Amino acid sequence: MRTVELVCSPGLETAVRAVWGRLAAAGLPSLARNIHPTNRPHLTLAAVDDFPPGAEHRLAELFDAALPLPVTLDRVVVLDGSAPLVWLVRPTPALTSLHAAVWDVLADADGHRPWHAPGAWVPHLSLALRFRDADLRMARAVAGGQRPTGDFAAARSYDGTDRTVSRLGRLR
């Protein structure tokens, strides 16, 4: 599997990692416990089995033109399905347009993950996986009521086969 992800500017990443740390310190599930070197706050735009020919180059051009992209985080919620605890991202017209453009580039790819598709996609940064609704109130208190702002400063792709990332654009 290959993903297309936006990564946070340093200040926004620090804010998200601080919440990861506070969740872990409170004894709640947290991505702070994932020590793999590729683990960092990110927004997944798409995931496919593999990129079609020429897609990486087209994605790099797209991201170099679109980034940095301002972002504001919204409320902390538990998503349905696999129940991750997430910080919702306010969808702006620029973000929605970029998301659709990524899907256009990947139109010929096999194995699209439908939860990332335009119309179904819920933009978010993950805070913890497999979270219980019963702990949501505590998680919100730990996260605090802030609505951090910053930028998506770069794009990357995660390769699930060898667990590596490659840069797709910006943040030089």
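Residues numbered from 1 in each chain as written. Predicted model: local features only at pLDDT ≥ 70, side-chain atom pairs only at ≥ 80, totals over all residues. Heavy atoms only, no water.

Draft legend 1. Examining the packing of helix 1 (residues 10-25) against helix 4 (residues 136-143) more closely. The contact between helix 1 and helix 4 brings their axes to 9 Å, and the two run at 130°. Comparing their axes, helix 4 and helix 1 come out oblique. Taken as a pair, helix 1 and helix 4 cross one another with a handedness that is right-handed. Packed against helix 1, whose contacting residues are V19, R22 and L23, the element helix 4 presents A139, V142 and A143 at the interface. A per-class count over the contact of helix 1 with helix 4 returns five nonpolar, no polar and one charged. (Axes fitted to C-alpha atoms, helices over the stretch in contact; angles between N-to-C directions. Helix = DSSP H or I, 4+ residues; strand = E, 2+ residues; numbered from the N terminus. Parallel < 35°, antiparallel > 145°, perpendicular 65-115°, else oblique. Left-handed = near helix turned anticlockwise from the far one by under 90°. Contact = heavy atoms within 4.5 Å. Nonpolar A, V, L, I, M, F, W, Y, C, P; charged D, E, K, R; others polar.)

Draft legend 2. Expanded view of unusual backbone geometry. Residue L67 is joined to P68 through a cis peptide bond whose omega torsion reads 5°. Turning to its location among the elements, P68 is positioned in the loop between helix 2 (55-66) and strand 3 (69-78). In the Ramachandran plot, R130 falls in the positive-phi region, its phi being about 50° despite a non-glycine side chain. Following the sequence through the fold, R130 ends up in the loop between strand 5 (124-128) and helix 4. The phi dihedral of R163 is positive, around 55°, even though this residue is not glycine. With respect to the helices and strands, R163 occurs in the loop between strand 6 (149-159) and strand 7 (164-170). On the accessibility criterion, R163 (43% relative accessible area) is partly exposed. (Buried < 20%, exposed > 50% of the residue type's maximum accessible area, 1.4 Å probe, protein only.)

Draft legend 3. Structural context of the side chain of D159. Tracing the sequence through the fold places D159 in strand 6. A distance of 2.8 Å separates a polar atom in the side chain of D159 from the backbone nitrogen of T161. Those residues within four positions of D159 in sequence are excluded, and the remaining contacts are M1, R2 and T164. (Polar contact = N/O pair within 3.5 Å; in protein donor to acceptor, adjacent residues only side chain to side chain.)

Draft legend 4. Fine view of the packing of helix 2 against helix 3 (residues 93-105). Contact geometry of helix 2 with helix 3 gives a least axis separation of 10 Å together with a crossing angle of 165°. By the criterion of interaxial angle, the relationship of helix 2 to helix 3 is roughly antiparallel. Seen along the crossing, helix 2 lies across helix 3 with a hand that is right-handed. Contact residues: helix 2 offers A55, R58, L59, L62, F63 and A66, while helix 3 offers L98, A101, V102, D104 and V105. A breakdown of the residues in the contact of helix 2 with helix 3 according to their chemical character gives nine nonpolar, no polar and two charged.

Draft legend 5. Here's a closer look at the pairing of strand 3. Buried residues dominate strand 3, accounting for seven of its 10 residues. Two strands pair when backbone bridges link them, and strand 3 and strand 4 (residues 85-89) are joined in this way by four bridges, in the antiparallel orientation. Bridge assignment links V76 to a residue of strand 4, and that residue is W87. (Pairing = 2+ DSSP bridges.)

Draft legend 6. Geometry of the confidence of the model for the protein chain. On average, residues of the protein chain carry a pLDDT of 92, and 97% of them reach 70 or more. Ranking the helices and strands of the protein chain by mean pLDDT puts helix 3 first, with 97, and strand 7 last, with 84. (pLDDT = per-residue confidence, 0-100.)

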